[in-house]
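Chain by chain, the residues run as shown.
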Amino acid sequence: MGRFDESEIAGEYERDKTAAGERHAATARAARPTAEAKAEAWAQVVESDKLPNALQEAVISGFVQTDQRELLAPYTEKYFAAVKEAWDTRSHEIAQQIAVGLYPSIQVSQDTLDRTDAWLTTAEPNAALRRLVSESRSGVERALKAQAADATAS
């Protein structure tokens, strides 16, 4: 949840130098509520292809924090700029983690729906990627409908 700084994370990892400890440290680093931590996590997952599946999943898990919407907002455009290339160049498992895990689902807004629709129209993703992104879009659409229903019930 971003409560610990790098020295505390490193100290915990030193106490638990297992594969699980490495994954937990990766998650904790990506969860830190700073622009630098988000940029580092994004670079590890999207701009590099060096992380093994489990570590990439851990970084994505830490990256996406619901209380960090403002920090993650700039990554909506970055997602749409990068997801097709990631899909085309990475293994299926790694690409699926990126396509689903980094989709801007916590940016619940009409803008997210519109941006997704524009991408689906212009990017020409293959059927599998189109389905994953469309399913993620549906989650945002459902959330918007639920918010509207809650607003009228109040």
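Located above this text is the structure these notes cover.
1. So, the overall build of the protein
- Counting its secondary structure elements, the protein contains 9 helices and 0 strands.
- Seen in sequence order, the protein has helices and strands lined up from the N terminus as α-α-α-α-α-α-α-α-α.
- Viewed in the frame of its principal axes, the protein has a C-alpha envelope of about 50 × 45 × 20 Å.
- Across the 154 residues of the protein, 38% fall into the buried class.
- The contacts of the protein with a sequence gap of at least 6 include a subset with a gap of at least 24, amounting to 70%.
- Roughly 8,700 Å² of accessible area belongs to the protein as shown, and the carbon and sulfur atoms make up 52% of that amount.
- If you average the places of the 18 positive and of the 25 negative side-chain charges in the protein, the two averages end up 3 Å apart.

2. Section: helix H7 (residues 92-101)
- When we look at burial in H7, the residues that qualify are Ile94, Ala95, Gln97, Ile98 and Ala99.
- Looking at the buried residues of H7, the elements they touch are helix H3 (35-47), helix H4 (53-63), helix H6 (75-89) and helix H9 (127-153).

Criteria and cut-off values
Residues numbered from 1 in each chain as written. Predicted model: local features only at pLDDT ≥ 70, side-chain atom pairs only at ≥ 80, totals over all residues. Heavy atoms only, no water. Helix = DSSP H or I, 4+ residues; strand = E, 2+ residues; numbered from the N terminus. Buried < 20%, exposed > 50% of the residue type's maximum accessible area, 1.4 Å probe, protein only. Contact = heavy atoms within 4.5 Å. Areas by Shrake-Rupley, 256 points an atom, 1.4 Å probe, with all protein chains shown as cover. Lys, Arg positive; Asp, Glu negative; His and termini not counted. Charge placed at Lys NZ, Arg CZ, Asp CG, Glu CD.

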